[in-house]
Amino acid sequence: MAKDHGSSIKDDEQYEALRDDGIGKEKAARIANSDRSSTGAKGGSSPAYEDWTKDDLYDKAKEVGIEGRSDMSKDELIDALRNH
């Protein structure tokens, strides 16, 4: 059972889980007080990796630090990015 944080926190259980994960009090409170049904829908959209060019995949792999990327095929780059 989550501790009651008073009326300032709407979802005490989520707040505690976020704090346990090392998120700061203010950010955890903002997340715990957000409407869960609309929060997930706010994220941006990006085309599937399969729609990217090999050069774009390579650049992304370089950006995130995937080693061995220069020897990878397009499918291998996609797999490496998804599992990074």
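Residues numbered from 1 in each chain as written. Predicted model: local features only at pLDDT ≥ 70, side-chain atom pairs only at ≥ 80, totals over all residues. Heavy atoms only, no water.

Some thoughts on the pattern of salt bridges
Per the counting criterion, the structure on display carries three salt bridges. Note that Glu26 and Arg30 form a salt bridge whose closest N and O atoms lie 3.3 Å from each other. Remark: Arg30 and Glu26 occur in helix H2 (residues 25–32); sequence separation between them is four residues, near one turn of the helix. On the basis of relative accessibility, which here comes to 60%, the residue Glu26 falls in the exposed class. (Salt bridge = Lys/Arg side-chain N within 4 Å of Asp/Glu carboxyl O. Helix = DSSP H or I, 4+ residues; strand = E, 2+ residues; numbered from the N terminus. Buried < 20%, exposed > 50% of the residue type's maximum accessible area, 1.4 Å probe, protein only.)

Some details on the packing of helix H4 (residues 54–64) against helix H5 (residues 74–82)
Running from amino to carboxyl end, H4 crosses H5 at an angle of 35°, the nearest separation of the two axes being 10 Å. Considering only the axes of H4 and H5, their crossing is left-handed. Between H4, through Lys54, Leu57, Tyr58, Lys60, Ala61 and Val64, and H5, the contact on the second element is made entirely by Lys74, Leu77, Ile78 and Leu81. Looking at the contact of H4 with H5, its residues break down into seven nonpolar, no polar and three charged. (Axes fitted to C-alpha atoms, helices over the stretch in contact; angles between N-to-C directions. Left-handed = near helix turned anticlockwise from the far one by under 90°. Contact = heavy atoms within 4.5 Å. Nonpolar A, V, L, I, M, F, W, Y, C, P; charged D, E, K, R; others polar.)

Brief notes about helix H1 (residues 12–20)
The set of residues buried in H1 consists of Asp12, Gln14, Tyr15 and Leu18. Angularly, the buried residues of H1 cover 165° about the axis, an arc narrow enough to put them on a single face. When the buried face of H1 is taken as reference, the exposed residues oriented beyond 90 degrees from it are Glu13 and Asp20. A positive phi of about 95° marks Gly22, the residue just after H1. (Arc of directions from axis to C-beta.)

Quick look at the environment of Ala80
Its location among the elements puts Ala80 in helix H5. Apart from the residues lying within four places of it in its own chain, the contact partners of Ala80 are Ile66 and Met72.

Here we look at the nonpolar core
Membership of the largest hydrophobic core is limited to ten residues, which are Tyr49, Trp52, Leu57, Ala61, Ile66, Met72, Leu77, Ile78, Ala80 and Leu81. Only H4 and H5 provide two or more residues apiece to this core. When residues no more than four places from it in sequence are discounted, the contact partners of Leu77 are Lys54, Leu57, Tyr58, Ala61, Arg69 and Met72. Counting six residues, the second-largest nonpolar core is a separate cluster that includes Ile9, Leu18, Ala29 and Ala32. (Core = buried A, V, L, I, M, F, W, Y, C linked by side-chain atoms within 4.5 Å.)

This is a description of form; function is not addressed.
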